[in-house]
Amino acid sequence: MSLFEFVTVMISMILALSLGQLLTGVTFLIKTGRDIRWHAPHTIWLACIGLTLVNHWWSLWDFKTLEWSYGSFMYVLIAPTLIAFAVGLLAPDRSDSASSDLALQFARVRKPFAAVLFAYVLAMWFDGPLLAEQNAFGAVGLLHVPILGAAATTFFIESHRANLLAPCVASTAVAIVMLVRLLA
């Protein structure tokens, strides 16, 4: 087993468990039989985070030739840890006492979710330039800016319109990153 494989197993496990938590939460809501009050910003953020998890895992391949050290491993571990925390905040609660009102749930976690997402995007933006000599202001690098803006908007602005627009912008940026990777 190479050092790259060894390192990426840990990161892949965190990302896979996060995706599993997200899917399990949504599946629970659908299967529960309760009347669910869906909330568009929350639902779009769930989709955005799902795409982000997949894109994050795929981006690990960029580090296949990296000369790994314990320090680089610890830095690269920051982002999956943050996104796992963001998923934990955003994923629907599966307890019997959980509210079926996703607008209420989103209102409770909006600020911590946005703060953790902001930190995650910063960590992801600079891992390539710091470790793999990638351009922070290249095609993929600059797409971190609208996602940071969406996270900041979600944190600072409580209006329904802003909280609907923010995950749409973030989802579009993540989809463009995925498209750029697909065409590369």
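Refer to the structure above for everything that follows.
Along every chain, residues carry numbers that run from 1 in the direction the sequence is written. Local features in this predicted model are restricted to residues of pLDDT 70 or higher, and side-chain atom pairs are both shown and tallied only at a pLDDT of 80 or more, whereas totals for entire chains, interfaces and linings draw on every residue. Computation of side-chain values: all heavy atoms of the structure, hydrogens and water removed.

**Digging into empty space enclosed by the protein**
Put simply, the rule reads: The rule is simple: put a 1 Å grid over the protein atoms alone, call a set of points where a 1.4 Å probe fits but cannot get out a cavity, call an open set with protein on both sides within 12 Å along at least five of seven lines a pocket, and count a residue as lining if it has an atom within 4 Å of a point. Grid points are joined across faces, edges and corners, and a volume is the space filled by probe spheres set on the points. Counting from the N terminus, the helices are DSSP H or I runs at least four residues long and the strands are E runs at least two residues long. Classification used: nonpolar for Ala, Val, Leu, Ile, Met, Phe, Trp, Tyr, Cys and Pro, charged for Asp, Glu, Lys and Arg, polar for all others including Gly.
Summed over all chains, the structure comprises 1 cavity of 30 Å³ or more. Those elements that provide at least two residues to the lining of the largest cavity are helix H2 (40–59), helix H3 (70–90) and helix H4 (102–132). Counting residues per element, the lining of the largest cavity draws most heavily on H3, at 3 residues. Here the lining of the largest cavity is composed, by residue class, of 6 nonpolar, 2 polar and 1 charged.

**Things to note about H3**
Structurally, the α-helix is built with 3.6 residues per turn, so residues lying three or four positions apart point the same way. We count it as follows: Expected span, for any helix, means 1.5 Å times one less than how many residues it has. When accessible area is computed with a 1.4 Å probe and restricted to protein chains, residues below 20% of their type maximum are described as buried, those above 50% as exposed, and intermediate ones as partly exposed.
Helix length check: H3 (21 residues) gives 31 Å between terminal C-alpha atoms against 30 Å at 1.5 Å per residue, within 8%. Residues of H3 that are buried include every one of Ser72, Phe73, Val76, Leu77, Ala79, Pro80, Leu82, Ile83, Ala86, Val87, Leu89 and Leu90, and no others.

**Some points on a nonpolar patch on the surface**
Counted only if it meets this: Each patch is built from residues that are more than 30% exposed by relative accessible area and take part in no salt bridge. Like charges join if they lie within 9 Å; nonpolar side chains (Val, Leu, Ile, Met, Phe, Trp, Tyr) join within 5 Å. All accessible-area figures derive from a Shrake-Rupley calculation using a 1.4 Å probe, and residue coverage is judged against the displayed protein chains alone. A carboxyl oxygen of Asp or Glu within 4 Å of a side-chain nitrogen of Lys or Arg is what we treat as a salt bridge.
There is a patch of nonpolar side chains on the surface, built from Met1, Leu3, Phe6, Val9, Met13 and Leu17 and spanning about 690 Å² of accessible area. Tracing the chain through its elements places Phe6 in helix H1 (residues 3–31).

**Brief notes about the environment of Ile176**
Tracing the backbone shows Ile176 in helix H7 (residues 160–183). What makes Ile176 partly exposed here is its relative accessible area of 38%. Through-space distance from the C-alpha of Ile176 to that of Ala139 is 9.7 Å; in sequence the pair is 37 residues apart.

**Side note on the packing of aromatic side chains**
Rules: Pairs were defined over the aromatic rings of Phe, Tyr and Trp, the Trp ring being its six-membered one, requiring ring centres within 6.5 Å. Orientation was assigned from the angle between planes: stacked under 30 degrees, edge-to-face over 60, tilted for the rest.
Per the counting criterion, the structure on display carries 8 aromatic pairs. Centroid distance Trp45 to Phe113: 5.3 Å. Interplanar angle 75 degrees. Geometry classified as edge-to-face. Here Trp45, found in helix H2, pairs with Phe113, found in helix H4; they are 68 residues apart in sequence, far enough to count as distant. Residue Trp45 is classed as buried on the basis of its relative accessible area of 0%. Measuring from centroid to centroid gives 6.1 Å for Trp57 and Trp58, while their planes differ by 55 degrees, and the two rings are tilted.

**Focus: the packing of helix H6 (residues 144–156) against H7**
The description of two helices packed together rests on the angle between their axes and the distance between the axes. Where we set the bar: Axes here refer to lines fitted to C-alpha atoms; in helices the fit is confined to the stretch in contact. Angles between the N-to-C directions go from 0 to 180 degrees. For classification purposes, an angle smaller than 35 degrees is called roughly parallel, one larger than 145 roughly antiparallel, one from 65 to 115 roughly perpendicular, and anything else oblique. Definitions for this section: a left-handed crossing has its near helix turned counterclockwise from the far helix by less than a right angle. A right-handed crossing has that turn clockwise. Whether two residues touch is decided by their heavy atoms; if any such pair falls within 4.5 Å, the residues are in contact.
Relative orientation of the contacting elements H6 and H7 amounts to 160 degrees, with a least axis distance of 8 Å. Comparing their axes, H7 and H6 come out roughly antiparallel. The two elements H6 and H7 meet at a crossing, and its hand is left-handed. Of H7, the residues touching H6 (which contributes Pro146, Ile147, Ala150, Thr153 and Thr154) are Ala162, Asn163, Ala166, Val169, Ala170, Ala173 and Val174. When the residues that make up the contact of H6 with H7 are grouped by side-chain class, the tally is 9 nonpolar, 3 polar and no charged.

**With respect to the pattern of salt bridges**
Once the charged atoms of two side chains with opposite charge are near each other, the side chains can pair. The final tally for this structure, using the stated rule, is 3 salt bridges. Where Asp101 meets Arg37, a salt bridge forms, and the shortest distance between an N and an O atom there is 2.8 Å. Of the two residues, Asp101 sits in the loop between H3 and H4 while Arg37 sits in the loop between H1 and H2, which places them 64 residues apart along the sequence.

**Focus: unusual backbone geometry**
For residues besides glycine, phi is generally negative; the peptide bonds are generally trans as well. Even without glycine at this site, Glu133 takes up a positive phi of about 55 degrees. As for its placement among the helices and strands, Glu133 is situated in the loop between H4 and helix H5 (139–142). Residue Glu133 is classed as exposed on the basis of its relative accessible area, which comes to 78%.

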